[in-house]
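Coordinate analysis (summary)
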Amino acid sequence: MTNSEGVTPKRSASSFSLSPGFWLKLVVVGLIDAAFIAAIPVLVANQSWMLFGLLGLNVLLINWAYLSPRSNAGKWLAPGLVFVTIFVVWPIIYTGYVSVTNWATGNVLSQQQVITNLENEVIRVEGEGTNLELAIYDGPEGLAFLARQPDGATYFGIARQSSEEPIEDALIDTTGIDLTGDLPDVINDYSKLGLRELLGIAGQIEALVLDIPGGVIQAQTTSSARLIQAGQRYKYDAETDTLYDALRDVTCVTERGNFVCDGQRLDPGWRVVTGFDNYQRIFGDQRIRAAFIKVFNWNIVFAVMSVLLTFSLGLALANALQHDKMRGKAFYRSIFIIPYAIPAFLSIIVWRGLLNANFGQVNALIESLGGSGVPWLTDGTWAKIAVLGVNTWLGFPYMFLIMSGALQAIPNELKEAAMVDGASAWRVFRSITLPLLLVSTAPLLIGSFAFNFNNFVLIFLLTDGGPAVIGAPVPVGETDILISFTFDLAVNSGRGNNFALGSAIVIMIFVALAAISAFSFRFTKRLESIYGN
Amino acid sequence: MQKKPVIWLALLTVFALVLAACGSGEETVDAGDTTTSVIAETTTTTQAVTTTTEAAPMVELVIWADENRAKAIEEVIPAFEDKTGVDVIIELVDFGAMKDQVGVAGPAGEGPDIFIGASDWVGELATNGILEPIDLGAKADDFIASAKDGLTFNGTLYGLPYAVEAIALYYNTDLAPEAPATMEDAAAACADMVDITNCIGVTGGGDGTDAYHMYPFVSAAGGYVFASTDGIYDPTDVGLDSAGAISGALALETLVKDGVMASVNYDGAKNQFLEGTEPFWITGPWELGALNDQDTVNWAVAKLPKIADGTPKPFVGVQGFFLSSFSENKLVAQTFLLDFMATEEGMAAMFAADGRPPVHNAIIAATADDAAISTFGASAADGVPIPNIPEMGAVWGALGDNMAAIRNGTVDAETAMVNAATAVREAVNQ
């Protein structure tokens, strides 16, 4: 809209003008709605009601925010809110959901998938029965199988759909035809199909069987077959929700995501909601509880110490570089940034090598100075010191950067006034610089605490939680924090993976962190009300 | 002015519905198009021999493999495609991520028909209902028993093996011209050497907990992880604190106390061997490439030296092809596996590209001249399959940590093994 002619653009008071912008808005919102409507069948088919509700809410929010004349602020908030629900709220809800299920090795499918899986199982005849030669022929009455057992016995007959009733006289008489060498190309009216043709109708062949006395023959590849006893092994009865096992002649009942036959659990199982079992296990199971408390304590110490150490070192260096008599500031600044500039996962691995007790450069240095080697990563206490040391090395440049900026922002007049009143440098720092710094940087410290509380990368790459706590009933290391402990527990539980138990611990970490953060922010608010402008 | 929003909303709804309808409409049109073109193609190519009246849809076979193994099967696939008209699609998936990816993608209907993996995945994937059993049929006798055992879970074979791997002893022929028969011989040989930093390099010490490389010490005198009968493991029978396991651990403790086996991790052991300051190095065939690429060290491979008078039984890992139970082309997939891969040509291509000791009898015979490969093969023949039951998850950490404690001298051998066994028992019985 140019106003080259000095005419003000036509804009009615109503926001419903037919301007291009409005149409654009309508189209974009319409596209979003269309995408959601198109997704509904998929969501319903997968029974993802939670995601359905969440997306629906978001779409409603978008429609309201951009179409209602009464939502001025909504227009600006809506994109943020949508991303918050999708990337923050949804993962938390989903983790919460997983934590009340039995999702672990053996229970990953849906019940329908498990039933399909089990009903596909056939009762096979072992030994000779797994090793039949097969040729498939096409003729006037449909497809015919010719199967030859290793002992030379041959069967030739019309194949039927495996879902249909058995045919009494499926076999065709082959007396007089030589079936000992290569299988013939033509038998009576039937001609042998080539590989290419067979694979074209592979889906059809899979469903076919040939009835012979004592069982049925099923194609395994295009040139080999196996003998199975007639019928499928398992049959599911939807009415009673039970499964019949024809081989052992037992009826299996459903119990917490598994079919249980005669007290024996049948794999695979499926995922079901089992309530708060996982939480009960964390508190009720002495093995896990003892380890959990030990890890939790170290986790708090680790996070607090990490923040304190990086904060003090960063502040001290920033303060030193503030001094007027300091020379070569630019040089030091660039040096201090290095640990921050190198990708953390690289420098952590390098540190792991440097700290190696036998071949590491750190011990080589200590030994060349006449000291004796330190078991950095193999002794519990030293490993903790090493973890904190490396984390301080990694984290202080960030604090240094923040503090340099924050220090600049503190008015010099305040300090000068205090000096004039006779305050010592330490007193000025303690009573003026530090409180004012904390007002502006406390949220960052809380953020740093929360980050270090879950600093999985550092622990995983530096010590992998080790050294192990000797004699502990669950695999737990001296430097394990909750998230690395959870990882081990979820990935290496007694029987494969246990995602549900891992999720339960993650939810507890979330609750603990949320509580600590909420408390800290309240504390910051008090600081602000005292020292804030 | 108040009415207008209603009109716009109505208009919007119609617009959205039309769009959504269009979206799904287009898909069907697309699908139709491809089907017709495929039918045309198939009929023209099979015209000469065709006898069936039905038009066949194009068959696709999706194989997941990592970069190295994909190269191997790519050599076999053109022949298969030419002969069968099946369209084979190879999708590259990182080997380390494959097990989890298959477990998620399969049930979601987006997984492969076939994937290439390792024997220690079998228990978990089979328990989860992801794997389809495989009958080798007449081809069963072409493969060595230990390879088939590794892919067998609860008595059922779940894969087509193509390679085995187990650790053996690399030795520096300049420092030690002859391979030691026992660990004591190795230690004695080192006593005369100068300028060596370590005698026997095995990962599993320091920060390098490694139950896999330490297992020969458990198994040499009769120790075991889980007892098994006919390939079916009993997770309640844990043998990590059996007399045999403890005497193996005591032998390890002696080696550590005598300073023969420094507390090293994987890179420590490897670097020292490559620098020529470590005469013996125990690890697997995957390092053959690194050794062939260097010319500092003259080396050879031997079977593991005896420990506590017993022949060590290293863990044997088996690499193989697996068939997904969610495959919709099982007949095609099994034809590919049994009629094309399970042949001498298929297995030769896998060996050429992968380089691990083969499991097919014909390829074993053909590679008998390769001393390193046949030694690794012999070491695997001495070994035991890595138990592939899901309970093994509890063993790696517990056993690795406690063996490392022996290596680091923090716990005595007997206590360490009892601790390991107790931890596994508690985890399994929970």
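Criteria and thresholds
- Residues numbered from 1 in each chain as written.
- Chains lettered and ligands numbered in written order.
- Predicted model: local features only at pLDDT ≥ 70, side-chain atom pairs only at ≥ 80, totals over all residues.
- Heavy atoms only, no water.
- Pairing = 2+ DSSP bridges.
- Helix = DSSP H or I, 4+ residues; strand = E, 2+ residues; numbered from the N terminus.
- Buried < 20%, exposed > 50% of the residue type's maximum accessible area, 1.4 Å probe, protein only.
- Arc of directions from axis to C-beta.
- Contact = heavy atoms within 4.5 Å.
- Axes fitted to C-alpha atoms, helices over the stretch in contact; angles between N-to-C directions.
- Disulfide = S-S within 2.5 Å.
- Buried area = accessible area lost by both parts, 1.4 Å probe.
- Salt bridge = Lys/Arg side-chain N within 4 Å of Asp/Glu carboxyl O.
- Nonpolar A, V, L, I, M, F, W, Y, C, P; charged D, E, K, R; others polar.

Residues and elements named next belong to chain B. If you walk across this open sheet you meet the 4 strands as β8-β11-β7-β12, and the pairing is mixed. The strands lining the two open edges of the sheet, one partner per strand, are β8 (200-201) and β12 (299-302). Pairing geometry for strand β7 (residues 168-172) and strand β11 (residues 280-283), over 4 bridges, is antiparallel. When the sheet's bridge partners are listed, Tyr 170 is paired in β11 with Trp 281.

All right, on to helix α7 (residues 183-191) of chain B then. All names here are of chain B. Those residues of α7 that fall on the buried side of the exposure criterion are Met 183, Ala 186 and Cys 190. Around the axis of α7, the buried residues are gathered within 55 degrees of arc, so they sit on the same side. Each element contacted by the buried residues of α7 is listed here: β8, α8 (211-219), α9 (243-257) and β11.

Turning to the sheet that holds strand β14 (residues 250-255) of chain A, a few remarks are in order. Residues and elements named next belong to chain A. Overall, antiparallel pairing links the 5 strands, which are arranged β12-β13-β14-β15-β16 in an open sheet. Each edge of the open sheet is held by one strand with a lone partner, namely β12 (234-237) and β16 (264-266). Taking each pair of neighbouring strands and ignoring which way they run, the sheet shows an average axis angle of 35 degrees. Taken together, the 3 bridges between strand β15 (residues 258-261) and β16 define a ladder with antiparallel strand orientation. Within β16, the position partnered with Phe 259 by the bridge is Leu 266. The strands that helix α4 (residues 111-119) touches are β12, β13 (242-245), β14, β15 and β16; relative to β12, the one it contacts most, it runs at about 145 degrees.

Scanning the model with the defined rule gives 2 disulfides over all chains in all. Across a sulfur-sulfur distance of 2.2 Å, Cys252(A) and Cys261(A) are joined as a disulfide pair. Between Cys252(A) and Cys261(A) the disulfide shows an S-S torsion of about 100 degrees. By sign, it is right-handed. Side by side, Cys252(A) and Cys261(A) carry an identical accessibility label, which is buried. Between the sulfur atoms of Cys190(B) and its disulfide partner Cys199(B) the distance amounts to 1.9 Å.

Chain B puts 72 residues into the contact, and the matching count from chain A is 69 residues. Between chain B and chain A the total buried area reaches about 5,800 Å² when both faces are included, carbon and sulfur atoms providing 60% of it. Scanning the region where chain B abuts chain A turns up 1 salt bridge. The biggest single contributor to the side of chain B that touches chain A is helix α1 (residues 4-46) of chain B, with 13 residues. A class-by-class count of the residues in the side of chain B that touches chain A yields 33 nonpolar, 25 polar and 14 charged.

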